[in-house]
Amino acid sequence: QVQLVESGGGLVQAGGSLRLSCAASGSIFSINAMGWYRQAPGKQRELVAVVTNGGRTNYADSVKGRFTISRDNAKDTVYLQMNSLKPEDTAVYYCIADAAAWAAAMPRRSWGQGTQVTVSS
């Protein structure tokens, strides 16, 4: 079992910044990808950004140039720095981690409980 604990959400005005953090703990041998999804009211959950254990990143087009994902492998923690926030970024943000519990295990995806980000206009 892998637990993901998110922090850093909140209310911010348009143009402001927030930094989300997500720490993984539990039965972890290795973590491949870590990242963030979000779900706005009435919309499907969508990928925001993901980073591999080698540091490769992928972003949704809507956040490129504004959001930066990073991770600390020693701490099994992933961060999302969100700048120039827009009202359309308002959503619940979910952390994910593709973790293997032992050396020969297939990675399994775990989800955090979600943290609310609200951007006011």
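A quick note: this is a predicted structure, and the numbers were derived from the prediction, not measured.

Examining the side chain of R71
So, step 1. By the element assignment, R71 lies in strand β7 (residues 67-72).
So, step 2. Of the buried charged residues, R71 lacks a salt bridge, with D76 as the closest side chain of opposite charge at 5.6 Å.
So, step 3. At 3.3 Å, the side chain of R71 and the backbone oxygen of I31 are in polar contact.
So, step 4. A polar contact of 2.6 Å, which involves the side chain of R71, links it to the side chain of N73.
So, step 5. With near-sequence residues (within four places) excluded, R71 lies in contact with I31, N32, A33, M34, V51, T52, N53, T77, V78 and Y79.

Regarding the environment of I28
So, step 1. Structurally, I28 is set in the loop between β3 (18-26) and β4 (30-39).
So, step 2. By relative accessible area, I28 is classed as partly exposed at 23%.
So, step 3. In this structure, I28 is in contact with V2, D76, A100 and A101, ignoring residues within four places of it in sequence.

Focus on the packing of aromatic side chains
So, step 1. Applying the stated rule across the entire model yields two aromatic pairs.
So, step 2. Relative to W111, the ring of Y37 lies with its centre 5.1 Å away and its plane at 55°, an arrangement referred to as tilted. One end of the pair, Y37, is in strand β4; the other, W111, is in strand β10 (residues 108-111), with 74 residues separating them in the sequence.
So, step 3. Note on Y37: relative accessible area 18%, which makes it buried.
So, step 4. Residue classification places W111 among the partly exposed positions, given a relative accessible area of 37%.
So, step 5. For the ring pair Y94 and W111, a centre distance of 6.4 Å and an interplane angle of 75° mean the geometry is edge-to-face. With Y94 in strand β9 (residues 91-100) and W111 in strand β10, this pair connects stretches of sequence that are 17 residues apart.

Let's talk about the pattern of salt bridges
So, step 1. Scanning all chains against the criterion turns up five salt bridges.
So, step 2. For R38, the salt bridge identified is with E46, shortest N-O distance 2.7 Å.
So, step 3. The class for E46 is partly exposed, based on a relative accessible area of 34%.
So, step 4. One salt bridge in this structure joins D98 and R109, with 2.7 Å as the shortest N-O distance. With a gap of eleven residues between them, D98 in strand β9 and R109 in strand β10 connect regions that are remote in the sequence.
So, step 5. On the basis of relative accessible area, D98 is assigned to the buried category, the value being 15%.
So, step 6. Connected through shared salt-bridge partners, R38, E46, R66 and D89 make up one network.

Some points on the pairing of β9
So, step 1. Burial within β9 is extensive, with nine of its ten residues counted as buried.
So, step 2. Here β9 runs beside strand β11 (residues 115-120); their pairing, made up of three bridges, is antiparallel. Note that in β11 the partner of Y93 across the bridge is T115.
So, step 3. Across four bridges, β9 lies against β10 in antiparallel orientation. Within β10, the residue paired with A99 across the bridge is R108.

Calculation rules
- Residues numbered from 1 in each chain as written.
- Predicted model: local features only at pLDDT ≥ 70, side-chain atom pairs only at ≥ 80, totals over all residues.
- Heavy atoms only, no water.
- Helix = DSSP H or I, 4+ residues; strand = E, 2+ residues; numbered from the N terminus.
- Buried < 20%, exposed > 50% of the residue type's maximum accessible area, 1.4 Å probe, protein only.
- Lys, Arg positive; Asp, Glu negative; His and termini not counted.
- Salt bridge = Lys/Arg side-chain N within 4 Å of Asp/Glu carboxyl O.
- Polar contact = N/O pair within 3.5 Å; in protein donor to acceptor, adjacent residues only side chain to side chain.
- Contact = heavy atoms within 4.5 Å.
- Phe/Tyr/Trp six-rings, centres within 6.5 Å; stacked < 30°, edge-to-face > 60°.
- Pairing = 2+ DSSP bridges.

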